[in-house]
Amino acid sequence: MTTAAVIGCGDVSVVHLQAIEGLAGVELVGVCDTDAGRAGAAAHRYGVPAFTDHRQLLEATRPEVVHVCTPHHQHVQVAIDCLDTGAGVLVEKPVAHTIAEADRLIKAAEARPDLRAGICLQNRYNAATRAARELLASGQLGAVLGGSASVLWHRDAAYYAARPWRGRLRDSGGGVLINQAIHTLDLLEWLLGDVVRIRGHAGRYALDGVVDVEDTAHAVLDHAGGARSVFFATLAHVTDAPVTIEIVTEGAALTIRGDLTVSYTDGRTETVAERRAGSGGRAYWGASHELLIADFYRTSADPEPFWIGPREGARSLRLVHEIYRQHD
């Protein structure tokens, strides 16, 4: 039996808690949040002790794995404190709110190769994403020529009022790029290849006067194999539209919009259906959190590090911060 704890009982903790509950061989032993009400509610729901100080939780429960679901600026110190007590960590995205903090966690995790450290970039587990990657890697579609991605979502003042840290640059590290669209940037690089150059801009248009982070951004990415992709993300849309990724190759065009559609140049069309989200969390989070979490525990005895560790998780953060640097 592996003992687990969750630090941070905000919105995204729901999918972590439900995933832990559904895993055989994993036992939740405690939850923590600086908001006593949120910690108490989660503790009552899952029948475990509640804490408002994560160090007290670590001392009292000695978990073997900790899920870090705190605000962005708290990710790294909490994760390092967990590693220092001998607990592995599974950290919500982003790996950190700054590059310097990400590098701190990379160093701390690599100094403890006996402990597992993972970052929740769960969209790499999507059925459509995995099928697209396998097709591209097979070579049967020919060279990858380029692609595009869009994240057209809606966030209003109430969203930031509910969790004010989201709209404060010093706490969140940024807006739409680091909080919502980082998954999509990660997939562009994962599917099309290493990004060797990125040019972009971030701005605040719909939420000016409400937050001090960006609500809209665009970028052009050059990939190592010669492909180019274009990217657009905004929180100024009227609703949360499905994230769309398009990849053009010599032999087919791949479109991910929930499901994967492969349109071959000879006229054939194939579809790979995406898994549908369950009742936990929000529909636009998808169904892959539970797959990543299960894989993290399933591979716990493997000698190799978890494949989406802090160093890998920081790749997309570096893309985000390069756009921010150009914006500044």
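Details of the structure are given in the entry above.
The model shown is predicted, which means the values in this text are computed figures rather than measured ones.

Draft legend 1. Spotlight on the overall build of the chain. Along the chain, the regular secondary structure elements total twelve helices and 14 strands. Taking 2.2 N^0.38 as the reference for a compact globule, 328 residues should give roughly 20 Å; the C-alpha atoms of the chain span a radius of gyration of 20 Å, in line with that estimate. Viewed in the frame of its principal axes, the chain has a C-alpha envelope of about 60 × 45 × 35 Å. Expressed as a percentage of contacts within the chain between residues at least 6 apart in sequence, the contacts between residues at least 24 apart total 68%. Surface summary for the chain: the accessible area is close to 14100 Å², and the carbon and sulfur share equals 51%.

Draft legend 2. Highlighting the pairing of strand E11 (residues 244-249). Looking at chain direction, strand E7 (residues 144-152) and E11 are connected through six bridges and run antiparallel. Paired with Gly146 across the strands is Val248, a residue of E11. The pairing of E11 with strand E12 (residues 252-257) spans four bridges and is antiparallel. Residue pairing across strands places Glu246 opposite Thr255, the latter belonging to E12. Hairpin geometry of E11 and E12 is characterised by an intervening segment of two residues between the two adjacent antiparallel strands.

Draft legend 3. Broad picture of helix H12 (residues 310-327). Along its 18 residues, H12 runs 25 Å from first to last C-alpha, staying within 8% of the 26 Å computed at 1.5 Å per residue. Those residues of H12 not exposed but buried are Pro310, Gly313, Ala314, Ser316, Leu317, Leu319, Val320, His321, Ile323 and Tyr324. Lining the buried residues of H12 we find helix H5 (99-110), strand E6 (117-120), helix H9 (176-180), helix H10 (182-192), strand E8 (195-203) and strand E9 (216-223).

Conventions adopted
- Residues numbered from 1 in each chain as written.
- Predicted model: local features only at pLDDT ≥ 70, side-chain atom pairs only at ≥ 80, totals over all residues.
- Heavy atoms only, no water.
- Helix = DSSP H or I, 4+ residues; strand = E, 2+ residues; numbered from the N terminus.
- Rg over C-alpha atoms; globule rule 2.2 N^0.38 Å.
- Contact = heavy atoms within 4.5 Å.
- Areas by Shrake-Rupley, 256 points an atom, 1.4 Å probe, with all protein chains shown as cover.
- Pairing = 2+ DSSP bridges.
- Expected span 1.5 Å × (residues − 1).
- Buried < 20%, exposed > 50% of the residue type's maximum accessible area, 1.4 Å probe, protein only.

Keep in mind these values describe shape, not function.
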